[in-house]
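Chain by chain, the residues run as shown.
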There are 2 protein chains.
Amino acid sequence: VTDARYDEGETAALARFVADSRWDDLPAPVRHEAKRALLNWLGCALGGAADPAIVNALAAIGPYAGVPRASVIGYPLRIDAPNAALVNAMASNILDFDDTHLATVIHPSPPIAPAVLAIAEAEGATGPALLHAFALGVDVACRVGTAAGPEHYAHGWHISGTCGVFGAAAAVGKLLGLDAARMNWAFGLAATQAAGLVESLGSMAKSWNIGAAAKNGLTAALLARTGFTASTRGIEAPRGFAHVLADGTSLGALLDDLGSRWYLLENAYKPYPCGVVVHPVIDACLALRAEPGVTVDTIRRLELRLNALAIERADRPRPRDGLEAKLSLQYCAACAIHDGTVGVAQFDDARVADPLLASLAPKVGMVGDPSVATDAAHVIASLHDGRVFPIDVPHARGSVARPLTDAEIEAKFRALASATPWIDAACVIEAIWQLDRAADGAGFVRLLRRSSQ
Amino acid sequence: VTDARYDEGETAALARFVADSRWDDLPAPVRHEAKRALLNWLGCALGGAADPAIVNALAAIGPYAGVPRASVIGYPLRIDAPNAALVNAMASNILDFDDTHLATVIHPSPPIAPAVLAIAEAEGATGPALLHAFALGVDVACRVGTAAGPEHYAHGWHISGTCGVFGAAAAVGKLLGLDAARMNWAFGLAATQAAGLVESLGSMAKSWNIGAAAKNGLTAALLARTGFTASTRGIEAPRGFAHVLADGTSLGALLDDLGSRWYLLENAYKPYPCGVVVHPVIDACLALRAEPGVTVDTIRRLELRLNALAIERADRPRPRDGLEAKLSLQYCAACAIHDGTVGVAQFDDARVADPLLASLAPKVGMVGDPSVATDAAHVIASLHDGRVFPIDVPHARGSVARPLTDAEIEAKFRALASATPWIDAACVIEAIWQLDRAADGAGFVRLLRRSSQ
């Protein structure tokens, strides 16, 4: 290897890139994507704030929390920045509605955005500084995830946690102005506390993985700022991250196209808070509902032609609760046709028990077809009155080929914020779009509070 | 497998054992060993408190610390319990003077004792409750380490961190009175945040592994108390700890002799703050020094016959700093002969530079002998005046065959506490020996403060 960048080691090179990066280096689409991701993230955090996992976490941590310098989203509460990062990260991932880097299956914003926001609140940062740090953090997390390779997730690592911690360290380190040497230590510290097991999915522990990644990444940056040392080869060393938590074979991808390929541009946002394989069917059923006289009752037969993966994962005619309903083609189709929307409310356990929604399932047939892409669906509805409606969805909304528009992300935010009546969603949305001109990068969190708070 | 305990899963069985354990179940030697380990740990924490890693950690964390309910050992400072556990754990491991479970190479007390102490201070606990929780924590950490098997450490995991987190969760969970179901969640939470890379040894990041284990284990127990759920099979599940962070082949050892074999009784305490392979040579050289007229100058030749491992690890004639001196047979022999003691002061970088101590190295010869055990040494000193002194050390002080006596642990504590002039070491020692009768289990930390604090 003769490339000079390898002489200093991969971890050091990545650290230097982050430390040296200037806001002007980010192409305009990357800057705009940072705002889109942040708006999407903020909605998810508001939507998840009341979940029992968050209530429990606040009950556990609250009595030990520190100087109130950072906001707990969705609560009239400020706590210390590391714990605010923890709780807000947990909340933003809990609905399974957050963003996804599809190639690695990393959810980038939940571990990174709350860390950078908490430090921006506590120590101050301009809007561009916050967006810049956040965009770099996402780039670093996805690069580490790519360098971990497919074996990493398959082996049992909850990749949003194990790689998110690097992103949080990069983002907070950038916000704190760490030089390349200290950024390098921050990455070594992130490497040594990278954690999270897939075994935790399905319990509240899943959320702790995300929260801990945010908090540990933030803490890594705070430690490195003081001169707290770590290995300078935390990712590539024989006993480093890529060899201990992965097989090391994909390590070369860590620095590929550094500064020219921005992973943030590969970020996807879900229009519906459920399994991504179900999304094209929901699109088709929402289109179906627009036809006159189509209801769950008037449908005689609903034929789905899908990629086999969707059927394998989500042929679930009788989901028992909201968690199972998120992977039920039959239930989600019924929600789309009956409710005309598939949002957070549709996955309340009580809503899942509605017999009217369950009545669609016996009418649903499905055929696996390898020629149909995972983001596509062909749906044919036959009504009792003899009419037949074929609907083709070549690409689901929110897929890479058909990304959510800004307006769709705004609508998603409004829906998620609607449970918090005092929030003026239009005002928050405008603040995010204006963030690259804001003197106070964290100022928008004040818009989430009641005026009296 | 027909044993009923396996029907509930290994993690659940271990959790039930901890939840059901009563103080009366602990044999008297286990209770006494808990006091010995605690006294040894407290000295190490005091001795390490001024290290730059601790100063940096306090600078990083201090501004964000919470309600001051737990003491930072060696400082006139109280902070929130999770962060106190973090900092005290770091301090107690930093001198490489802490206890060791030799079979797993886990240092049990640093991640566990500070967690249980911090919660005892913050929420109250009797002396027996504290000792009981601590003893159970050590048992759990060493059991998980045994179940991880030798491949775990060899693969690159810093085992005191990855297994210490289970011990801290068990100890704090016991102190909080968790029932078996919540203890089981606490273990699932510990499993999903088990972390620490061997790559971090040699930098301050090593200390963060130990501190994070203490803090994360403590937090796992706090979370579980509120009903925060986790996998009930965190250790044995296919995507659980034993299969993701180890090869799973030693899992069966987790529950062997549960309640009859107490791992705390296998705990060893170092008499010298340096590599354990050097210890028998130090013993020999201290004996040699007692002979009339023996000095570094009067020695013509010093022949060491040792296990080859000791030579491979510690034949280091010219150590450049304190860290290297800890693995230098030549330097440690000179300290023993000249200073008559091998303590923390001998590993100051400035002390290592003393030419008089370095002058012994050219006179030292060493021969590897497979018939000599790793805890043994045969030393022959030939003096310029023609006298020859052969010294045999069949077992080093502090080895399993020749454990430190209570008086030796007391002396070690006094030496480590001597840098903190206002501490009445005799008073602290007496408080630890009386801990099984103390109403306030954490009361002894008040003896570490100046009277005005």
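Owing to the predicted nature of the structure, the values given are computational and were not obtained by experimental measurement. (Residues numbered from 1 in each chain as written. Chains lettered and ligands numbered in written order. Predicted model: local features only at pLDDT ≥ 70, side-chain atom pairs only at ≥ 80, totals over all residues. Heavy atoms only, no water.)

(A) Local environment of the overall build of chain A. A count of helical and extended segments in chain A gives 20 helices and eight strands. Against the 2.2 N^0.38 benchmark of 22 Å for 453 residues, chain A shows a C-alpha radius of gyration of 22 Å, consistent with a compact globule. Dimensions of chain A, computed from C-alpha atoms along their principal axes, come out at roughly 75 × 60 × 40 Å. When burial is assessed residue by residue, chain A has 62% of its 453 residues classed as buried. If you take every contact in chain A between residues at least 6 apart in sequence, the share linking residues at least 24 apart comes to 76%. Carbon and sulfur atoms form 55% of the exposed surface of chain A, whose accessible area is close to 15,400 Å². Where the 38 positive side-chain charges of chain A centre and where its 47 negative ones centre are 3 Å apart. (Helix = DSSP H or I, 4+ residues; strand = E, 2+ residues; numbered from the N terminus. Rg over C-alpha atoms; globule rule 2.2 N^0.38 Å. Buried < 20%, exposed > 50% of the residue type's maximum accessible area, 1.4 Å probe, protein only. Contact = heavy atoms within 4.5 Å. Areas by Shrake-Rupley, 256 points an atom, 1.4 Å probe, with all protein chains shown as cover. Lys, Arg positive; Asp, Glu negative; His and termini not counted. Charge placed at Lys NZ, Arg CZ, Asp CG, Glu CD.)

(B) Spotlight on helix H17 (residues 329-339) of chain B. Residue and element names in this part refer to chain B. Most of H17 is tucked away: nine of the eleven residues are buried. For H17, the set of buried residues is Leu329, Gln330, Tyr331, Cys332, Ala333, Ala334, Cys335, Ala336 and Ile337. Immediately beyond the C-terminal end of H17, within one or two residues, lies Gly340, with a positive phi of roughly 75°.

(C) The arrangement of the environment of Ala220 of chain B in detail. Following the sequence through the fold, Ala220 of chain B ends up in helix H12 (residues 205-225). Those residues in contact with Ala220 of chain B that lie beyond four places of it in its chain are Trp208 of chain A together with Ala169, Ala186, Leu189 and Ala190 of chain B.

(D) Broad picture of the sheet that holds strand E5 (residues 299-306) of chain B. Residues and elements named next belong to chain B. The strand order E6-E5-E7-E8 describes an open sheet built from four strands, whose pairing is mixed. The strands lining the two open edges of the sheet, one partner per strand, are strand E6 (364-368) and strand E8 (388-393). Direction aside, the axes of adjacent strands within the sheet are offset by 15° on average. Direction of pairing for strand E7 (residues 377-383) relative to E8: antiparallel, over a ladder of six bridges. (Pairing = 2+ DSSP bridges. Axes fitted to C-alpha atoms, helices over the stretch in contact; angles between N-to-C directions.)

(E) Inspection of the interface of chain A and chain B at higher detail. On the side of chain B, 59 residues touch chain A, which itself brings 60 residues to the contact. Roughly 4,800 Å² is buried in total at the junction of chain A and chain B, and carbon and sulfur atoms are behind 63% of that figure. When the buried surface of chain A facing chain B is broken down by residue, Tyr64, Trp208 and Arg239 of chain A rank first, second and third, together holding 19% of it. Linking chain A with chain B are zero salt bridges. If you look at where chain A meets chain B, you find 28 residue pairs in polar contact (both at pLDDT 80 or more). Elements represented by at least two residues in the side of chain A that touches chain B include exactly helix H4 (52-61), helix H5 (81-93), helix H6 (109-123), helix H8 (150-155), helix H10 (180-192), helix H11 (205-225) and helix H12 (241-244) of chain A. Of the residues in the side of chain A that touches chain B, the class split is 34 nonpolar, 19 polar and seven charged. (Buried area = accessible area lost by both parts, 1.4 Å probe. Salt bridge = Lys/Arg side-chain N within 4 Å of Asp/Glu carboxyl O. Polar contact = N/O pair within 3.5 Å; in protein donor to acceptor, adjacent residues only side chain to side chain. Nonpolar A, V, L, I, M, F, W, Y, C, P; charged D, E, K, R; others polar.)

(F) The sheet that holds strand E8 (residues 388-393) of chain A, seen in detail. Residue and element names in this part refer to chain A. Read from one edge of the open sheet, four strands run E6-E5-E7-E8, paired in mixed fashion. Both edges of this open sheet fall to strand E6 (364-368) and E8, since each of them pairs with a single strand only. Strand-to-strand twist of the sheet, defined as the mean angle between neighbouring strand axes without regard to direction, takes the value 15°. Of the pairings in the sheet, the one linking strand E5 (residues 299-306) to E6 comprises five bridges and is parallel in character. Bridge pairing in E6 places Glu303 opposite Gly365. With respect to the sheet, helix H13 (residues 279-289) is in contact with E5, strand E7 (377-383) and E8, its orientation differing from that of E8 by roughly 140°. Where helix H16 (residues 329-339) meets the sheet, its contacts fall on E5 and E6, and the angle it forms with E5 comes to roughly 125°.

(G) Here's a closer look at the side chain of Ser71 of chain A. All names here are of chain A. Relative to the elements of secondary structure, Ser71 occurs in strand E1 (residues 70-71). Using a relative accessible area of 5% as the deciding quantity, one classes Ser71 as buried. Only 3.0 Å separates the side chain of Ser71 from the side chain of Arg449, close enough to count as a polar contact. If we skip the residues at most four places from it in the chain, Ser71 touches Leu77, Arg78, Ala84, Asn88, Glu121, Val445 and Arg449.

(H) A look at H10 of chain A. The end-to-end C-alpha separation of H10 of chain A is 19 Å, in line with the 18 Å expected for 13 residues at 1.5 Å each. Counting buried positions over the 13 residues of H10 of chain A gives ten, a clear majority of the element. Along H10 of chain A, the residues classified as buried are Met183, Asn184, Trp185, Ala186, Phe187, Gly188, Leu189, Ala190, Ala191 and Thr192 of chain A. Those residues of H10 of chain A that are buried lie in contact with helix H2 (10-20), helix H7 (127-148), helix H9 (159-175), H11 and H12 of chain A together with H12 of chain B. (Expected span 1.5 Å × (residues − 1).)

(I) Quick look at the relation of the copies chain A and chain B. Aligned on chain B, chain A shows an RMSD of 0.0 Å; the corresponding rotation is 180° and the shift along the axis is 0.0 Å. The transformation just described matches what one would write down for a two-fold rotation axis. By C-alpha distance to the rotation axis, the residue of chain A lying nearest is Gly66 of chain A, at 1.6 Å. Mapped onto chain B, 98% of the interface residues of chain A again fall at the interface, so both copies present the same surface. (Least-squares fit on C-alpha atoms with pLDDT ≥ 70 in both.)

(J) Summary view of the pattern of salt bridges. Applying the stated criterion across every chain, the model contains 46 salt bridges over all chains. One salt bridge in this structure joins Arg351 of chain B and Asp339 of chain B, with 2.9 Å as the shortest N-O distance. Here the residue Arg351 of chain B occupies a position in helix H18 (residues 349-352), and Asp339 of chain B occupies one in helix H17, the gap between them amounting to twelve residues. For the salt bridge of Arg446 of chain B with Asp440 of chain B, the shortest nitrogen-to-oxygen distance reads 3.3 Å. For Asp440 of chain B, a relative accessible area of 33% puts it in the partly exposed group. Shared partners join several salt bridges into a network, and the residues in it are Glu33, Arg36 and Asp406 of chain A.

(K) Main features of the environment of Val72 of chain B. All names here are of chain B. Residue position: Val72 is located in the loop between strand E1 (70-71) and strand E2 (78-79). Separated by 195 residues in sequence, Val72 and Asn267 place their C-alpha atoms 25 Å apart. If we ignore the near neighbours within four places in the chain, the residues touching Val72 are Leu58, Leu77, Ile79, Val87 and Asn88.

(L) Quick peek at the confidence of the model for chain A. Residues and elements named next belong to chain A. Chain-level statistics for chain A give a pLDDT mean of 95 and a share of 98% at 70 or above. Counted against residues more than four places away or in other chains, residues 1-5, with its pLDDT under 50, gives four contacts. For this predicted complex, the interface confidence comes out at an ipTM of 0.93, alongside a pTM of 0.94. (pLDDT = per-residue confidence, 0-100.)

(M) Up close: unusual backbone geometry. All names here are of chain A. For Val105, which is not glycine, the phi torsion reads 65° and is therefore positive. As for its placement among the helices and strands, Val105 is situated in the loop between strand E3 (100-101) and H6. For Val105, a relative accessible area of 38% translates into the label partly exposed.

(N) Region of the structure containing the pairing of E7 of chain B. Residue and element names in this part refer to chain B. The element E7 is largely enclosed, with a buried count of five among its seven residues. Where E5 meets E7, six bridges bridge the pair, whose relative direction is antiparallel. Looking at E7, one finds that Leu302 is bridged to Ala381. With antiparallel pairing between neighbouring strands as the criterion, E7 and E8 make up a hairpin whose turn holds four residues, including Gly386 at a positive phi of roughly 95°.

(O) Here's a closer look at the packing of H9 of chain A against H10 of chain A. Residue and element names in this part refer to chain A. For the pair H9 and H10, the least separation of the axes is 9 Å and the interaxial angle reads 155°. On the basis of their axis angle, the class for H9 and H10 is roughly antiparallel. Crossing of H9 over H10 shows right-handed handedness. Side by side, H9 and H10 meet where Val165, Phe166, Ala169, Ala170, Gly173 and Lys174 of the first sit next to Met183, Ala186, Phe187, Ala190 and Ala191 of the second. (Parallel < 35°, antiparallel > 145°, perpendicular 65-115°, else oblique. Left-handed = near helix turned anticlockwise from the far one by under 90°.)

(P) Main features of the packing of aromatic side chains. Residues and elements named next belong to chain A. Per the counting criterion, the structure on display carries seven aromatic pairs over all chains. Measuring from centroid to centroid gives 6.1 Å for Phe17 and Trp262, while their planes differ by 45°, and the two rings are tilted. Remark: Trp262 occurs in the loop between H12 and strand E4 (267-268) and Phe17 occurs in helix H2; sequence separation between them is 245 residues. Grouping residues by exposure puts Phe17 and Trp262 together as buried. Here Phe166 and Phe241 contribute two aromatic rings whose centre-to-centre distance is 5.0 Å and whose plane-to-plane angle is 75°, an arrangement assigned as edge-to-face. On the criterion of sequence distance, the pair formed by Phe166 in helix H9 and Phe241 in helix H12 is long-range, its members being 75 residues apart. The same class applies to Phe166 as to Phe241, namely buried. Here Lys326 stacks its cationic end above the ring of Phe347, 5.1 Å away from the centre of that ring. (Phe/Tyr/Trp six-rings, centres within 6.5 Å; stacked < 30°, edge-to-face > 60°. Lys NZ or Arg CZ within 6 Å of the ring centre and 35° of its normal.)

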